[in-house]
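If you want the building blocks of each chain, they are given just below.
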Amino acid sequence: MNLAPYASNPAKSKGRIFQESKSSSRNDFQRDRDRIIHSASFRRLQYKTQVFVNHEGDMFRSRLTHSLEVSQISRAVARTLNCHEDLCEAIALAHDLGHTPFGHAGQDALNACMRNFGGFEHNLQSLRVVDVLEKKYANFDGLNLTFEVREGILKHCSKKNAQKLGDLGIRFIMNREPSLEAQIVNLADEIAYLHHDLDDGFRSGILSFEKMMELNLFEIFFKEVSNAHKLLSSEQIMHEILRLMMNSIISDLCNESFKNIKKFKPQSADNVRELKNIVCFSDEMGAHFKEFKKFSRTNLYEHHRIKEMSVRASKIIYSLFAYFYDNYNKIPESFKSEKEQSRERVIADYVAGMTDRFANNLYKDMSS
Ligand code: MG
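Residues numbered from 1 in each chain as written. Predicted model: local features only at pLDDT ≥ 70, side-chain atom pairs only at ≥ 80, totals over all residues. Heavy atoms only, no water.

*Asks:* Explain the coordination of the magnesium ion here, please?
*Replies:* Note on metal sites: the ideal angle is 109.5 degrees for four tetrahedral donors, and 90 or 180 degrees for six octahedral donors. Taken together, the protein donors to the magnesium ion comprise His66 (NE2), His95 (NE2), Asp96 (OD) and Asp189 (OD), at separations of 2.1 to 2.8 Å. Of note, the donors binding the magnesium ion are all from one chain and are spaced H-x28-H-D-x92-D. Placement of the pair is His95 in the loop between helix H4 (85-94) and helix H5 (103-113) and Asp189 in helix H10 (residues 180-203), with a sequence separation of 94 residues. Using a relative accessible area of 5% as the deciding quantity, one classes His95 as buried. Residue Asp189 is classed as buried on the basis of its relative accessible area, which comes to 6%. (Donors = N, O, S within 2.8 Å, 3.2 Å for Na, K, Ca; no water. Helix = DSSP H or I, 4+ residues; strand = E, 2+ residues; numbered from the N terminus. Buried < 20%, exposed > 50% of the residue type's maximum accessible area, 1.4 Å probe, protein only.)

*Asks:* Looking at this model, I keep getting lost on the packing of aromatic side chains. Mind explaining?
*Replies:* For any pair of aromatic rings, the description rests on two quantities: the centre-to-centre distance and the angle between the ring planes. The tally for this structure, following the rule as stated, stands at 10 aromatic pairs. Look at Phe281 and Phe289: their rings are 4.6 Å apart centre to centre, the planes differ by 40°, and that puts the pair in the tilted class. A residue is classified by how much of its surface remains accessible, and Phe281, at 12% relative accessible area, is buried. By relative accessible area, which is 5% here, Phe289 ends up buried. Of the aromatic side chains, those joined through ring pairs into one cluster are Phe202, Phe209, Phe218 and Phe222. Just above the ring of Phe147 sits the side chain of Lys14; from NZ or CZ to the centre is 5.9 Å. The ring of Tyr328 has Arg343 lying over it, and the distance from NZ or CZ to the ring centre is 4.5 Å. (Phe/Tyr/Trp six-rings, centres within 6.5 Å; stacked < 30°, edge-to-face > 60°. Lys NZ or Arg CZ within 6 Å of the ring centre and 35° of its normal.)

*Asks:* Just to check I follow, could you spell out the packing of H10 against helix H15 (residues 283-301) for this structure?
*Replies:* Axis angle and axis distance: for two packed helices, these are the angle between their axes and the distance between the axes, and together they describe the pair. It is the contact of H10 with H15, at a shortest axis distance of 11 Å, that shows an interaxial angle of 40°. In terms of axis orientation, H10 runs oblique to H15. The interaxial crossing formed by H10 with H15 has left-handed handedness. Between H10 and H15, the residues in contact are Glu190, Ile191, Tyr193, Leu194, His195, Asp197, Leu198 and Gly201 and Phe289, Phe292, Lys293, Phe295, Ser296, Leu300 and Tyr301, respectively. Looking at side-chain class alone, the contact of H10 with H15 contains nine nonpolar, three polar and three charged residues. (Axes fitted to C-alpha atoms, helices over the stretch in contact; angles between N-to-C directions. Parallel < 35°, antiparallel > 145°, perpendicular 65-115°, else oblique. Left-handed = near helix turned anticlockwise from the far one by under 90°. Contact = heavy atoms within 4.5 Å. Nonpolar A, V, L, I, M, F, W, Y, C, P; charged D, E, K, R; others polar.)

*Asks:* How do you make sense of a nonpolar patch on the surface when you look at a structure like this?
*Replies:* Together, Ile170, Ile173 and Met174 line one region of the surface with nonpolar side chains, adding up to about 250 Å² of accessible area. Relative to the helices and strands, Met174 is located in helix H9 (residues 170-174). Here Met174 falls in the partly exposed class, since its relative accessible area comes to 47%. (Patch = residues over 30% accessible without salt bridge, like charges linked within 9 Å, V, L, I, M, F, W, Y side chains within 5 Å. Areas by Shrake-Rupley, 256 points an atom, 1.4 Å probe, with all protein chains shown as cover. Salt bridge = Lys/Arg side-chain N within 4 Å of Asp/Glu carboxyl O.)

*Asks:* How should I be thinking about the environment of Gln30 in this particular structure?
*Replies:* The residue Gln30 is located in helix H1 (residues 28-37) in this model. Dropping the residues within four chain positions of it, Gln30 is found in contact with Ser25 and Asp86.

*Asks:* Can you help me understand the nonpolar core in this one?
*Replies:* Core analysis: the biggest nonpolar cluster contains 81 residues, and Ile36, Leu198 and Phe218 have the highest contact counts within it. Apart from residues no more than four positions distant in its own chain, Ile36 is found in contact with Phe42, Ala90, Leu93, Ala94, Leu97, Leu143, Leu145 and Val149. Within the second largest apolar cluster, 23 residues are counted, among which are Tyr350, Val351, Met354 and Tyr363. (Core = buried A, V, L, I, M, F, W, Y, C linked by side-chain atoms within 4.5 Å.)

*Asks:* Please clarify how the packing of helix H16 (residues 304-326) against helix H18 (residues 356-367) should be interpreted in this entry.
*Replies:* H18 packs onto H16 with a crossing angle of 65° between their chain directions and a minimal axis gap of 10 Å. In terms of axis orientation, H16 runs roughly perpendicular to H18. Classified by chirality, the crossing of H18 by H16 is left-handed. Counting all contacts with H16, which are made through Arg312, Lys315, Ile316, Ser319, Leu320, Tyr323 and Phe324, the residues of H18 involved are Ala359, Asn360, Leu362, Tyr363 and Met366. Counted by class, the contact of H16 with H18 contains eight nonpolar, two polar and two charged residues.

See the structure below:
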């Protein structure tokens, strides 16, 4: 790995909450990645979804495959920018650990249940999973990850919540940026989900080529692919377009970020945190990207078929929350080990950790 001076460096890590001796064979970021991969929450990503609910079919992305795609994209960008690939990988694999079952609909419903009890936010919950909820190690709760991985997991945070987070919250209060690796994963996440949701949307029949042609970037590559190849199946055309779109977006991101690096000349990872956001798109690609997001929201996330799933998902989350409030003894004791945790927070932790499948089956059993 060819590390630039502005890259995060495990040898200069701001450390872990509980001190541990160093590993002789792995750097601290590799060690964090391994802890994440071996966690129960990571395994559960397999049966959690973002847009298409798990029972809709096996061909759609799960949060596990999404996280792997984010990891792949962010590592490729990190390599180009001479940043730390292992740190990107660890952040990417952990970034969605706090998601509820049933994607955003699930999170909104749980947040509504928690309105008077501190709310529920998936980003903060991902941090809570790695800091507290994973219980495996003899000497501490959580995975005891390095500051840099925890910083990357916490993409956004309200100032109110930031005040409770010590060192990790300071950047939200001071309006500072995180490490370059965290900035990379943040955009790799958006690049990954926009492309794979388009793909899943196409395979589900919700999005047609005709519809997607409304998207300028799609239209450009659709013409390019159809002109160059006359006998492709629609799946091949779609894949070629997605591949070219993603390549152009990632190349633009690398080029523009390099320009910023040359312009601001960050001298260290800490210096990066004091500068304005370095990892970004050119103005032109930024406009395409914005259009892409808007297109997905209007034509996919707000599509009636997705909305119907969301309504059902919300109903399940409300019912589970109410059920466990009345049947608190049915929640495993391991969720109740924190002394000052409210009953509502314990229920939220338990429900948030469920997979789509588990929540669905539980709901069916409850209603029968
Ligand atoms: Mg994500």
